[in-house]
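Survey of secondary and tertiary structure
This is what each chain is made of:
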Amino acid sequence: MRRLLLSVLILFGVSMIIYTIVRMMPGDYISSITAGNPMVTPEKIARLRMLYGLDTGVVEGYFKWLSQAIRGNFGDSFIYRKPVAEIISSKMWTSFSLAFTAFILEIIIAVPLGIISATRQYSKTDYAVTTVALVGISLPTFFFAAILQRVFSMELGLLPLQGMVTARYDYQGFMLFLDIAKHFILPITVFVITGVGSLMRYSRTNMLEVLNADYVRTARAKGLSEQTVIYKHAFRNTLIPIVTLIGGSLPGLFSGAIITEGIFAIDGLGRTALIALRMGDIPFIMAFNMFLAVLTLLGTIIADILYAVVDPRVRLS
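Residues numbered from 1 in each chain as written. Predicted model: local features only at pLDDT ≥ 70, side-chain atom pairs only at ≥ 80, totals over all residues. Heavy atoms only, no water.

Some thoughts on the overall build of the protein chain
- Across its full length, the protein chain carries 15 helices and zero strands.
- Overall, the C-alpha framework of the protein chain stretches about 85 × 60 × 35 Å when taken along its three principal axes.
- Looking at the 317 residues of the protein chain, the share that counts as buried comes to 38%.
- For the protein chain, the share of sequence-separated contacts (at least 6 apart) that also reach a separation of at least 24 residues comes to 73%.
- On the protein chain, roughly 18,100 Å² of surface is accessible, and the fraction owed to carbon and sulfur atoms is 67%.
- The distance from the centre of the 27 positive side-chain charges to the centre of the 19 negative ones in the protein chain is 5 Å. (Helix = DSSP H or I, 4+ residues; strand = E, 2+ residues; numbered from the N terminus. Buried < 20%, exposed > 50% of the residue type's maximum accessible area, 1.4 Å probe, protein only. Contact = heavy atoms within 4.5 Å. Areas by Shrake-Rupley, 256 points an atom, 1.4 Å probe, with all protein chains shown as cover. Lys, Arg positive; Asp, Glu negative; His and termini not counted. Charge placed at Lys NZ, Arg CZ, Asp CG, Glu CD.)

Observations regarding the packing of aromatic side chains
- Scanning all chains against the criterion turns up 12 aromatic pairs.
- Judged by centre distance (6.2 Å) and plane angle (65°), the rings of F12 and Y62 are edge-to-face. Linking F12 in helix α1 (residues 2–24) with Y62 in helix α4 (residues 58–69), this pair joins segments that are 50 residues apart in sequence.
- The class for F12 is partly exposed, based on a relative accessible area of 36%.
- Take Y62: its relative accessible area is 3%, and that puts it in the buried class. (Phe/Tyr/Trp six-rings, centres within 6.5 Å; stacked < 30°, edge-to-face > 60°.)

Looking at the confidence of the model for the protein chain
- Considering every residue of the protein chain, the mean pLDDT works out to 86; 97% of them sit at 70 or more.
- Mean pLDDT across the elements of the protein chain ranges from a minimum in helix α15 (residues 312–316), with 60, to a maximum in helix α7 (residues 141–155), with 92. (pLDDT = per-residue confidence, 0-100.)

Things to note about helix α5 (residues 84–119)
- Its 36 residues give α5 an end-to-end C-alpha distance of 50 Å, which sits within 8% of 52 Å, the value for a rise of 1.5 Å per residue.
- Remark: the principal bend of α5, roughly 30°, maps to M92. (Expected span 1.5 Å × (residues − 1). Bend = angle between axes of the 7 residues up to and from the residue.)

Focus: the pattern of salt bridges
- The final tally for this structure, using the stated rule, is seven salt bridges.
- Put simply, K91 and D267 hold a salt bridge, and the shortest N to O gap is 2.8 Å. Of this pair, K91 sits in helix α5 while D267 is found in the loop between α12 (258–263) and α13 (269–279), placing the two residues 176 residues apart along the sequence. (Salt bridge = Lys/Arg side-chain N within 4 Å of Asp/Glu carboxyl O.)

The following block contains the structure:
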C-alpha cells in the first residue's frame with residue numbers, strides 16, 4: 001500500500017514536470033501549423049489557441065489536463081485528430097516487437113560471452129570479446145544503419161531498404177508475417193550490435209567480482225569442478241545486477257527507437273513521438289511520457305519480484 005501511494009505521488013510529480021517543460025518550450029502547435037502563412041491574422045491565431053486549450057497558463061492548463069487524465073481521458077492528438085490512447089495502442093506493438101526481439105538476442109549473446117570472457121580473463125578470447133563489445137558500444141546508430149542499408153539493400157539487394165511491408169505485393173497471413181520479418185532484419189541487427197556490448201561488459205564485470213568472492217574460493221577448495229563452481233555457485237549471483245538492468249529496460253521496449261525507426265521508416269511509437277514533439281502535440285506528449293513513467297514503475301516492481309527468484313535470501317527477508 002505504501003509503495004502504491006509512493007508510485008501515485010511519483011506519477012503526479014512526473015506529469016507536472018513534463019507538462020511544465022512542454023508548455024515552456026519555444027513555439028507550440030498553433031505556431032507550427034500557421035508558420036509562413038500570410039493569410040493568418042492574430043485574431044485567428046488567438047481563436048485557434050482557445051480552441052486547442054493553449055490560451056491558459058501553465059498551472060490552469062495542467063489541472064485541466066489532470067482532471068481528464070484521472071478519468072482515463074488523455075484527450076485527442078492535435079496532429080492525428082484521434083484519441084492518443086488509440087494511437088499509442090496501435091503503434092506500440094510495432095516498436096515492442098522490434099525491441100523485444102533485439103533484447104532477447106542481446107541477452108542470448110551477451111550473457112554467455114560475458115561469462116566466458118570473465119572465466120578466461122586476459123586470454124585471447126577475453127580480448128576478442130572485449131574488442132567486439134567496445135566496437136558495438138562505439139558505433140553510432142545512424143552510421144551503422146546507413147552501412148547496412150548500403151551493403152545489404154542497395155549493393156546486394158538482399159533485404160528491403162525501408163518500410164514494414166513490400167508495397168507491390170498484397171501478402172496475407174503467414175506470407176505477410178515473413179515479409180514483415182524480412183523488413184525487420186536490418187533494424188534488429190542495428191539494435192543488437194549497438195546494444196550487446198554494454199550488456200556483455202556488464203556480465204563480464206559482475207562475473208569477475210563474484211569469482212573473487214570467498215564462497216567461490218571455498219567451493220573450489222572443496223574440490224568441486226570448475227564448471228559446477230561457475231554455473232551453480234557464481235552464475236546465480238551474477239544474475240542480480242542483470243535483473244536490475246532487465247527491469248529498467250521495460251520502458252525502452254515500448255517507447256521505440258527514434259533514430260532507428262526514423263532511418264528505416266518504421267511506423268513505431270518512437271518516430272511518432274518525435275513528430276509530436278516537433279509539432280507541440282501536447283496531449284500525445286503527455287500520454288506518451290506518462291505511459292513510459294508507468295512502465296518504469298512496473299519495471300521496478302518486476303525487478304523486485306525477480307530478485308526473489310534468483311536470490312532466496314531476498315524471499316526470506
